[in-house]
Structure formats: structure tokens, C-alpha cells
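For reference, the chains in residue letters:
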Amino acid sequence: AMYATMSPAAVASNAATAAKPAQQAIHVCESLRAKLAAAGFGVQAPFLLGWYNEHPKIEGLSAEYKLVGGADTMALLIGNSAELWHPFVKWVGQRLSQDEQWLSAHPDALDAYTEECIQAAVAEIPGALRAHIVYAFETLDTHGRGVSVAT
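Read on for a plain summary of the structure. (Residues numbered from 1 in each chain as written. Predicted model: local features only at pLDDT ≥ 70, side-chain atom pairs only at ≥ 80, totals over all residues. Heavy atoms only, no water.)

What follows covers the packing of aromatic side chains. All chains considered together, the criterion is met by 7 aromatic pairs. Between Trp91 and Trp102 the ring centres are 5.4 Å apart and the planes differ by 85°, which places this aromatic pair in the edge-to-face class. Separated by 11 residues along the polypeptide, Trp91 in helix H4 (residues 85–98) and Trp102 in helix H5 (residues 102–105) bring together distant segments of the chain. Accessibility assignment for this pair places Trp91 and Trp102 in one class, buried. (Phe/Tyr/Trp six-rings, centres within 6.5 Å; stacked < 30°, edge-to-face > 60°. Helix = DSSP H or I, 4+ residues; strand = E, 2+ residues; numbered from the N terminus. Buried < 20%, exposed > 50% of the residue type's maximum accessible area, 1.4 Å probe, protein only.)

This is the structure we're talking about:
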């Protein structure tokens, strides 16, 4: 699982027309859905950061457990589907054909694949440079934050 957050201004800059915020959010979600599907990922749930940060299990926690942004910032929960495995295995195979030791040097290959696919999809959406991506594999020890994917 992974969260991508976009400020209202970033969502607005993504719209092809001067649509209402709800239409802009739909545009961003649909654009990402189309780009992520081939890699085996999908937009599971769009939500507002306030919904997460103000959840009873989260609101009393310190900042490193919260998503960064205003309460009206759109966030997307992106997860993998069963279709992930074929493109992932192909992706790993391409790396192994260039370097037989690649997998030994990259024990977190699925994390690397996830980052590459998500970042590429977000980068293709105009204005997405203001997107903030948090991956489920990021922890307090490795990244100084801990986001609940079960809340």
C-alpha cells in the first residue's frame, strides 16, 4: 500500500479544464488508474487527509504518524492487485538479463518496483511535482515516519 497526497492547488493544476474540485479529483484518480493498471497497481480509495489524521486511532499520535498536508488535501491509497506479479517478474527479469547479480544486490526488489512504477505514473500527470508519496514499507527506523495502512 502507498499514499500519494496532493494539495488542492496541485489537484487544480491537473485539471484539463477549470472544473470543480470534485471533478478535478476524479480526473487525477482516473489518470492514475489508467497509468498504474498495467503495472498491477490501482487507486483503492481516494480520501481527505483530515479523515486519516483525525481518525481516533491516529489523532492522538505524534506528527511522524500523520500524513503531511492540510485537512482538505486529497490523498490516494494505492495498492497492488493480483495482476502485479506478471509485470513485476518481467521487470526483475529485465534487470537480471543486464546483471545476473541484480537480485542479490537488491533484496527489496518489490519495493524498488513499486517506487519506480508509482513515481513514473505520478510524474506523467501535469502539476504532480507537488505530490508527496509515502510507501507502506517506510518505517520510523528507515524514514522517520510510520503511516498506518490498516486504519
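Taken as a whole and judged by the stated rule, the model has 3 salt bridges. Among the ionic pairs, Lys35 bridges to Glu124, the shortest N-O distance being 3.7 Å. In this pair, Lys35 sits in helix H2 (residues 21–37) while Glu124 sits in the loop between helix H6 (109–123) and strand S4 (132–135), placing the two residues 89 residues apart along the sequence. Among the salt bridges present, the one from Glu116 reaches Arg95, with a minimum N-O distance of 3.3 Å. In this pair, Glu116 sits in helix H6 while Arg95 sits in helix H4, placing the two residues 21 residues apart along the sequence. Residue classification places Arg95 among the buried positions, given a relative accessible area of 19%. (Salt bridge = Lys/Arg side-chain N within 4 Å of Asp/Glu carboxyl O.)

Attention now goes to the pairing of strand S3 (residues 74–80). Counting buried residues along S3, 5 of its 7 residues qualify, which places the element largely inside the surrounding structure. Examined bridge by bridge, strand S2 (residues 41–48) and S3 share 7 bridges and lie antiparallel to one another. Bridging from a neighbouring strand, Gly42 pairs with Gly79 of S3. (Pairing = 2+ DSSP bridges.)

Quick look at the side chain of Glu138 now. Note on placement: Glu138 falls in the loop between S4 and helix H7 (140–143). Owing to a relative accessible area of 8%, Glu138 belongs among the buried residues under this scheme. Once residues within four sequence positions are removed from consideration, Glu138 is found in contact with Ile133, His143 and Arg145. (Contact = heavy atoms within 4.5 Å.)

Everything listed here is a matter of geometry and, on its own, says nothing about what the molecule does.
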